[in-house]
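# Structural overview
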Amino acid sequence: NAGVTQTPKFQVLKTGQSMTLQCAQDMNHNSMYWYRQDPGMGLRLIYYSASEGTTDKGEVPNGYNVSRLNKREFSLRLESAAPSQTSVYFCASSEPPWGGGGQPQHFGDGTRLSIL
Amino acid sequence: SQQGEEDPQALSIQEGENATMNCSYKTSINNLQWYRQNSGRGLVHLILIRSNEREKHSGRLRVTLDTSKKSSSLLITASRAADTASYFCATDARAAGNKLTFGGGTRVLVKP
């Protein structure tokens, strides 16, 4: 039972290059999320998918696109990487909020992305 | 923008001592969660407290919530070197569509 798996773990890109970050979960969760974490800061939500077939913007969606490929997989794409997108990217999954909300999220170990 | 702000930003204590960190938030919430992040790893969920609860315990962890002051505290009792990590509060609020909003974290160093 691996939980949430992210690939790759590290990546260096040049400005203008594109790449896709992969995320897969084996907990049969309906909801999945992409966050970025910058030094000394908490996580900021980029995009999320409340359930298979739906995606919505979070707090900082500009420059990113996502695909909910199936229930297990949720990918994040940078079409034209910029130095401001240098960050650590985390994928998470959870059951969807119900009633009063508040489902714990389960995180992968992150992708460390540097853009030169 | 960050909904929660942790205080202090960093904390250094001796093994066996208690560690207390606080989280303040701005808007009404449904729930507040605490997470731990070890260096180079993802976040791990510790405890969830609902807006109608005032205190919750889990092992050596004690969380309080004061909705009138829009604040929460996390107490780790009898700390161990393995508790060295960053701790984050996260809130979900109807105003934010029940998505989690994280604070900036408290870095805790437990010295053996």
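Only a predicted model underlies this, so the values are computations on that prediction, with no experimental measurement involved.

How each quantity is defined
- Residues numbered from 1 in each chain as written.
- Chains lettered and ligands numbered in written order.
- Predicted model: local features only at pLDDT ≥ 70, side-chain atom pairs only at ≥ 80, totals over all residues.
- Heavy atoms only, no water.
- Helix = DSSP H or I, 4+ residues; strand = E, 2+ residues; numbered from the N terminus.
- Rg over C-alpha atoms; globule rule 2.2 N^0.38 Å.
- Buried < 20%, exposed > 50% of the residue type's maximum accessible area, 1.4 Å probe, protein only.
- Contact = heavy atoms within 4.5 Å.
- Areas by Shrake-Rupley, 256 points an atom, 1.4 Å probe, with all protein chains shown as cover.
- Lys, Arg positive; Asp, Glu negative; His and termini not counted.
- Charge placed at Lys NZ, Arg CZ, Asp CG, Glu CD.
- Disulfide = S-S within 2.5 Å.
- Buried area = accessible area lost by both parts, 1.4 Å probe.
- Salt bridge = Lys/Arg side-chain N within 4 Å of Asp/Glu carboxyl O.
- Polar contact = N/O pair within 3.5 Å; in protein donor to acceptor, adjacent residues only side chain to side chain.
- Nonpolar A, V, L, I, M, F, W, Y, C, P; charged D, E, K, R; others polar.
- pLDDT = per-residue confidence, 0-100.
- Core = buried A, V, L, I, M, F, W, Y, C linked by side-chain atoms within 4.5 Å.

### Focus on the overall build of chain B
Helix and strand counts for chain B stand at 0 helices and 11 strands. Start at the N end of chain B and walk to the C end: the helices and strands fall as β-β-β-β-β-β-β-β-β-β-β. Its C-alpha atoms give chain B a radius of gyration of 13 Å, within 12% of the compact-globule value 13 Å for 112 residues. Across the 112 residues that make up chain B, the buried fraction comes to 45%. For chain B, restricting intrachain contacts to residue pairs at least 6 apart in sequence, the fraction spanning at least 24 positions comes to 54%. When the accessible surface of chain B is split by element, carbon and sulfur atoms take 45% of a total near 5300 Å². Averaging the positions of the 15 positive and the 10 negative side-chain charges in chain B gives two centres separated by 5 Å.

### A closer look at the state of the cysteines
Residues and elements named next belong to chain A. Enumeration according to the criterion identifies 2 disulfides over all chains in this entry. Shown here is the disulfide that connects Cys-23 with Cys-91, its sulfur atoms set 1.9 Å apart. Judged by the sign of its S-S torsion, about -75 degrees, the cystine formed by Cys-23 and Cys-91 is left-handed. Linking Cys-23 in strand β3 (residues 19–25) with Cys-91 in strand β9 (residues 87–94), this pair joins segments that are 68 residues apart in sequence. Take Cys-23: its relative accessible area is 3%, and that puts it in the buried class. Among the residues examined, Cys-91 registers a relative accessible area of 0% and is labelled buried.

### Details of the interface of chain A and chain B
Each partner contributes to the interface: chain A provides 22 residues, whereas chain B provides 22 residues. Interface of chain A and chain B: buried area, both sides summed, is about 1700 Å²; carbon and sulfur atoms make up 49% of it. Counting across the chain A and chain B interface gives 1 salt bridge. Measuring nitrogen to oxygen at the nearest pair gives 3.0 Å for the salt bridge that ties Asp-109 of chain A to Arg-41 of chain B. Counting across the interface, chain A meets chain B through 6 residue pairs in polar contact (both at pLDDT 80 or more). Looking at the side of chain A that touches chain B, the elements with two or more residues in it are β4 (31–37) and β5 (43–49) of chain A. Here the element with the most residues in the side of chain A that touches chain B is β5 of chain A; it accounts for 3 residues. Per-class residue counts for the side of chain A that touches chain B are 10 nonpolar, 9 polar and 3 charged.

### Details of unusual backbone geometry
Put simply, Thr-7 of chain A and Pro-8 of chain A share a cis peptide bond, and its omega is -5 degrees. Summarising the element assignment, Pro-8 of chain A is placed in the loop between β1 (4–7) and β2 (10–13). Between Asp-7 of chain B and the following residue, Pro-8 of chain B, the backbone shows a cis peptide bond with an omega angle of 0 degrees. As for its position among the elements, Pro-8 of chain B is in the loop between β1 (4–7) and β2 (10–14). The backbone of Lys-70 of chain B shows a phi angle near 50 degrees, a positive value even though the residue is not glycine. Position of Lys-70 of chain B relative to the elements: it lies in the loop between β7 (61–66) and β8 (71–76). The backbone phi angle of Ala-78 of chain B is positive, close to 45 degrees, even though this residue is not glycine. By the secondary structure assignment, Ala-78 of chain B is in the loop between β8 and β9 (85–92).

### Details of the confidence of the model for chain B
Atom-level detail of predicted coordinates should not be read off regions where pLDDT is low. Averaged over all residues, the pLDDT of chain B equals 92, while 92% of them reach at least 70. The lowest-confidence element of chain B is β1 of chain B, averaging 82 in pLDDT; the highest-confidence one is β7 of chain B, averaging 98.

### Side note on the nonpolar core
Residues and elements named next belong to chain B. Judged by nonpolar contacts, the single largest core of 22 residues is most densely connected at Met-21, Leu-32, Trp-34, Leu-46, Leu-74, Ile-76 and Tyr-87. Of all elements in the fold, only β3 (19–25), β4 (31–37), β5 (43–50), β7, β8, β9 and β11 (106–111) reach the threshold of two or more residues within this core. Element by element, the count of residues in this core is highest for β3, at 4 residues. Among all residues touching Met-21, those that are not within four sequence positions of it are Asp-7, Pro-8, Trp-34, Ser-72, Ser-73, Leu-74, Ile-76, Tyr-87, Thr-106 and Val-108.

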